[in-house]
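Descriptive structure summary
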Amino acid sequence: MHIRFTVKSAALAGMFTAAASISAQSPMSVNAPPPPPPAKVATMPARAAADMQAVLDQLPRLAAKPIETLTPVKARNQPSAADAAMAVMHAKRMSTAPDPAVVTMDMAYGPDPMQFARIYKPAGAPSGTPMPVIVYYHGGGWVIADVNTYDATPRLLSKQLNAIVVSVEYRHAPEAKFPAQHDDASAAYRWVLQNAQAWGGDLKRLALAGESAGGNLAVATAIYARDNRLAMPVHILSVYPIANSSKTLPSRTDSFNAKPLNTPMLGWFGYYYSKSPADMMDPRLNLVAADLRGLPPTTIVNAQIDPLRSDGETLAVAMRGAGDTVEQRTFPGVTHEFFGMGKVVRGAYDAEMFGIGKLKAAFDRVR
Amino acid sequence: MKLTYLLAAPVALFAALPAMAQVMTPADYVKTAGASDLFERQSAQSVLQTTANANVRAFAEMMLSAHAQSTADVKAAAAKSKVAVPQPMLMPLQAELIAQLNDETGAARDAAYIAQQKAAHNQALNVQKAYAMEGTAPALKAAANKIVPVVQGHIAMLMKT
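Presented here is a report on the structure given in the accompanying data block. Only a predicted model underlies this, so the values are computations on that prediction, with no experimental measurement involved.

What to know about the packing of helix H4 (residues 92-102) of chain B against helix H5 (residues 106-134) of chain B
A pair of packed helices is captured by two measures, namely the crossing angle of their axes and the spacing between those axes. Residues and elements named next belong to chain B. Two elements in contact, H4 and H5, have axes separated by 9 Å at closest approach and are oriented at 160 degrees. Between H4 and H5, the interaxial angle falls into the category roughly antiparallel. When H4 is examined against H5, the residues Leu97, Gln100 and Leu101 are found in contact with a partner set consisting of Arg109, Ala112, Tyr113 and Gln116. Broken down by class, the residue content of the contact of H4 with H5 amounts to 4 nonpolar, 2 polar and 1 charged.

Written out as structure tokens, the structure reads:
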């Protein structure tokens, strides 16, 4: 009796150890099942503005399933917030075709099929007048979405700032785990430094920008450039970055059930992009604990209804503490992914004008 | 001996768990591939009605034949794997995208078509690669393996437009 009991508890202990390692990190297959869901939190997110809510209402109409319940391959094929915004534009009889004022070209920067960039250029750009250059990183938690999903912001930045915008694709997790995305981001940055002049770019007016996971990459790549003594950007535009690995941030609770990004999705992304629990404390992910000294003036844009809101707010505090110039704004009544929806969401238009104004001022100061 | 056996079995079971894939079911794969081919054919038909661009026309015509072929390949494989092939239906997002395309005119429709194609082919490649890697019905898995390089070829062409 006694022996049997001991064996059972030993087996049980073994099972728990194994189970813990399952829930920490995924295998590298896109068919890897999702991690177990976190404990539910009952808080209801703040009410979205009517025009923002109209976009969110499209997601069920387009049959979007909760990302945190899916495998990566299924999650990648879900309708995105950008799809929802385009559906609203279509319902308002606006064109959803790409703005022809900007032309694009895809170019490889590395041997992997994912290592390419989409280069946006104003269609009527006169040759011989160098343009500012913006290296832009898309979002999607390093697991889902691509340069196609995030077309609105780079296209808008190119048009409004008469700039060359290099939207960087990068290897995705779980096929390629952290720090593959950071490595690709910095490789693409080096590639832009080598080639932008040939494209008509003026590297004295260089900026980094990104949204969500890409907002993280924009700041992390500036740190990389500083540490490797590369040419520095004159400005960083970081839109709702992943920047703080604390699990007790206010926005993780108050926006736990927000859409289109909720707190369980953040755990889902981490499960697929990290190799070990220690990765989450790496300063490239947990930017608030990085050496942030000597970074260029930075604009951080946040949405009120977003589990990543506190990331941007705490990053601003940390960067100021390190002596950087930072302007951070949290826009009310809007959610994660609102940036780039300016044609149908007023708060997004305001945030876009804010970010574009900061970049323009930074470029103008160089002349 | 018996003790060791008792102890090891559950641990081994759990240790094996992370490697277990939750791959699409054969029926789900057939349905997804069918919807994707239908979307390709309908959007090609839409842009062929209006385009004045020779490159867009050539690409759309190629999509009509390539996606008729992949539908035939998946159907044949499904028969071998004894998986029923339902009448293909667009997913809600695909129906919305076709409606958007049909409401554009001229060069705007061409541009919308190319933008949609870039997104749709990346998604199609995701599905085909995932099934080619770990699909459970051998004939369908072989069909996915055959379709992967075709989709990659289309993506390479789209990168040049």
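Read on, since the account is not over.
As for unusual backbone geometry
A negative phi holds for most residues other than glycine; trans holds for most peptide bonds. A cis geometry characterises the amide bond from A:Ala173 onward to A:Pro174, with omega recorded as 10 degrees. Mapped onto the fold, A:Pro174 is located in the loop between strand E4 (164-168) and helix H6 (180-195). With an omega dihedral of 0 degrees, the bond running from A:Lys259 to A:Pro260 counts as a cis peptide bond. Structurally, A:Pro260 can be placed in the loop between helix H8 (250-254) and helix H9 (263-273). Residues other than glycine seldom take positive phi values, yet A:Trp142 does so here, at roughly 65 degrees. Mapped onto the elements, A:Trp142 comes out in the loop between strand E3 (131-137) and helix H5 (152-161). Although it is not a glycine, B:Lys82 sits at a positive phi angle of roughly 55 degrees. Among the structural elements, B:Lys82 can be located in the loop between helix H3 (54-80) and H4.

Re the sheet that holds E4(A)
Across a sheet, paired strands are connected by hydrogen bonds in the backbone, their directions being either parallel or antiparallel. Residue and element names in this part refer to chain A. The sheet built from 8 strands is open, its strands ordered E1-E2-E4-E3-E5-E6-E7-E8 with mixed pairing. The sheet is open, and its two edges are formed by strand E1 (102-108) and strand E8 (326-335), each paired on a single side. Geometrically, the sheet is characterised by an average inter-axis angle of 20 degrees between neighbouring strands, direction not taken into account. Inspection of the sheet shows E3 paired to strand E5 (residues 201-211) by 6 bridges, in the parallel sense. In the strand pairing of E5, Tyr137 is matched with Gly210. Running over the sheet, helix H7 (residues 213-227) touches E3, E5 and strand E6 (235-239) and is turned about 135 degrees from E5.

The rules behind each value
- Residues numbered from 1 in each chain as written.
- Chains lettered and ligands numbered in written order.
- Predicted model: local features only at pLDDT ≥ 70, side-chain atom pairs only at ≥ 80, totals over all residues.
- Axes fitted to C-alpha atoms, helices over the stretch in contact; angles between N-to-C directions.
- Helix = DSSP H or I, 4+ residues; strand = E, 2+ residues; numbered from the N terminus.
- Parallel < 35°, antiparallel > 145°, perpendicular 65-115°, else oblique.
- Contact = placed C-beta atoms within 7 Å.
- Nonpolar A, V, L, I, M, F, W, Y, C, P; charged D, E, K, R; others polar.
- Pairing = 2+ DSSP bridges.

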